[in-house]
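Coordinate inspection notes
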Amino acid sequence: MGIVRQEATQKEELEEFRRMLLSCAAVNRRKDGDGFGGARESAIPGRGGDVLDRMVCVTSGVSYHGIAIVNQLLVNGYSVRIIVDNEEDVERLREMETSGEMRLNNSVVEVVMAKLTEVESLTEAFDGCRGVFHTAAFVDPAGLSGYSKTMADIEVNTSKNVVRACGISPTVRHCVLTSSLLACIWCDNSSDEAPHLIDHKCWSDEAICVNKKLWYALGKLRAEKAAWEIAKANGVKLATICTGLITGSDFYRRNPTPTIAYLKGVEEMYAYGLLATVSIDTLAKAHVRVFEEMKKTAPGRYICFDKVIERGDEVERLAAETGISAASVTGGASSSGRPRYELSNAKLRQLMLRPRRCVNE
């Protein structure tokens, strides 16, 4: 039953991808009709010239998270190469290529099949791309809606491979990796020395993640740490975005594995003021903006969330959207007496508020 659900979800995401392309095409036509068609060549600040000079790569591009990033990239004038990992998806997407659905004015969408488990395969897929967005959008290989310790190991290894391939590629200049807020918040709160401000400088404690069997948090934590280590060793300019629980239209049904896995330990997160969400649109815009910022500043970490779940109506809404009970979030008891933490996304918020400036490579 789980496998059937996974296959149905894959087909649904392909249809969503097609709708996204049609929407982008409609936007482009409106701009052309308004006399802006000639401006598309320079849609990216400071960039003109050939389409290939604006090519970036997105791993797991036909996923809930990946589609949103691809959409934002196309809206901002980038051409996108999407990595998929099975022949069936490749064939379906190549039908769209042949029909012309993947060409939007001066932007192009390409599809390649590559194995995230093989550095050589990824290096070939990245050839000609200026940047890579590693979405780390995984599903359970067994087709079940869960995230096991084995999946955590897979996530670590694939993130290592992606960053290694970026270092080998002669064309890739920047890499943006999607991490998680869970890589920042799980620390020892019994100590008086524990920080009460959680920001981009904070890291979760691996031992706590293991002891509580928080495999999703462990996978994101280890994957991000490994990515930073390899990036520094290989001269890769890396940025990581530590995202809250990703929400949006029908998010639980379309993105079940990460949603269920993220909510492991939800009672503690809520009690400590650390249960945060982010809309998929906000997250996708943040990815593009951080990528553009990397051209003129040092790489770094960013925390990304829209709001912290605190009120009863917010709990009820989250419970209704995910199928969990409100009592499982709140614990059915008062959290008074427990320390409350402050989450800060100030670094990203300040970046998003700044006007986009022209950047020449």
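Residues numbered from 1 in each chain as written. Predicted model: local features only at pLDDT ≥ 70, side-chain atom pairs only at ≥ 80, totals over all residues. Heavy atoms only, no water.

Along its length, the chain carries 15 helices and 13 strands. Evaluated residue by residue, the chain yields a buried proportion of 53% over its 361 residues. Residue pairs in contact within the chain that sit at least 24 positions apart in sequence constitute 78% of those at least 6 positions apart. Accessible surface for the chain amounts to roughly 15,800 Å². Of this, 51% is attributable to carbon and sulfur atoms. (Helix = DSSP H or I, 4+ residues; strand = E, 2+ residues; numbered from the N terminus. Buried < 20%, exposed > 50% of the residue type's maximum accessible area, 1.4 Å probe, protein only. Contact = heavy atoms within 4.5 Å. Areas by Shrake-Rupley, 256 points an atom, 1.4 Å probe, with all protein chains shown as cover.)

What follows covers the sheet that holds strand β9 (residues 245-247). Here we have three strands laid out as an open sheet, ordered β9-β10-β12, and mixed in their pairing. Looking along the sheet, the strands with just one partner apiece sit at the ends: β9 and β12 (307-308). Its contacts with the sheet place helix α12 (residues 280-293) against β9 and β10 (276-279), and it is angled at close to 75 degrees to β10. (Pairing = 2+ DSSP bridges. Axes fitted to C-alpha atoms, helices over the stretch in contact; angles between N-to-C directions.)

The subject of this paragraph is the packing of aromatic side chains. Overall, the coordinates contain five aromatic pairs when judged by the stated rule. For the pair Tyr78 and Phe291, a centre-to-centre distance of 5.9 Å together with 70 degrees between the ring planes defines the contact as edge-to-face. Here Phe291 lies in helix α12 and Tyr78 lies in the loop between α2 (64-75) and β2 (79-84), a separation of 213 residues in the sequence. Like Tyr78, the residue Phe291 is buried in the burial classification. (Phe/Tyr/Trp six-rings, centres within 6.5 Å; stacked < 30°, edge-to-face > 60°.)

Let us look at unusual backbone geometry. Phi at Lys213 is positive, roughly 55 degrees, even though this residue is not glycine. Using a relative accessible area of 51% as the deciding quantity, one classes Lys213 as exposed. One non-glycine residue, Asp250, lies in positive phi territory at about 55 degrees. With respect to the element layout, Asp250 can be found in the loop between β9 and α9 (251-254).

Glancing now at helix α13 (residues 312-322). Glu314, Val315, Leu318, Ala319 and Thr322 are the residues of α13 that are buried. Down the axis of α13, the sector holding all buried residues measures 135 degrees, keeping them to one side. Looking one or two residues beyond α13, the residue adopting positive phi is Gly323, at roughly 80 degrees. (Arc of directions from axis to C-beta.)

Below, the discussion takes up the nonpolar core. Core analysis: the largest hydrophobic core is formed by 77 residues, its most contacted members being Leu73, Ile185, Trp186, Leu275 and Leu343. Sorting elements by how many residues they give to this core places α12 first, with seven residues. With 24 residues, the next largest nonpolar core counts Ile83, Leu122, Val132 and Val162 among its residues. (Core = buried A, V, L, I, M, F, W, Y, C linked by side-chain atoms within 4.5 Å.)

Looking now at the packing of helix α5 (residues 149-168) against helix α8 (residues 215-234). One can describe the packing of α5 onto α8 by two numbers: an axis separation of 8 Å at closest approach and a directional angle of 20 degrees. Relative to α8, α5 is oriented roughly parallel. In this structure, α5 meets α8 at a crossing whose hand is right-handed. From α5, Lys149, Ala152, Glu155, Val156, Ser159, Lys160, Val163, Arg164 and Gly167 reach across to α8, where they touch Trp215, Gly219, Lys220, Arg222, Ala223, Ala226, Ala227, Ile230, Ala231 and Asn234. (Parallel < 35°, antiparallel > 145°, perpendicular 65-115°, else oblique. Left-handed = near helix turned anticlockwise from the far one by under 90°.)

What follows covers the pairing of β10. Here β9 runs beside β10; their pairing, made up of three bridges, is parallel. Looking at the pairing, Thr247 lines up with Ser279 of β10. In terms of strand pairing, β10 meets β12 through two bridges, oriented antiparallel. Of the residues in β12, the one forming a bridge with Ala276 is Val308.

This part takes up the pairing of strand β1 (residues 55-59). The side chains of a regular strand alternate between both faces of the sheet. By the criterion of burial, β1 is predominantly enclosed, with five of the five residues buried. Of the two faces of β1, the one holding Met55, Cys57 and Thr59 and the one holding Val56 and Val58 are both buried throughout. Sheet topology places β1 next to β2; five bridges connect them, and they run parallel. Looking at the pairing, Cys57 lines up with Arg81 of β2. Assessed by its sense of winding, the connection that carries the chain from β1 through α2 to β2 is right-handed. Examined bridge by bridge, β1 and strand β5 (residues 131-134) share three bridges and lie parallel to one another. Pairing of Val58 across the sheet is with Phe133, part of β5. (Right-handed = clockwise from strand over helix to strand, strands pointing away.)

Those residues of helix α15 (residues 346-353) not exposed but buried are Ala346, Leu348 and Leu351. In this structure, the buried side of α15 is in contact with α12 and β11 (301-304).

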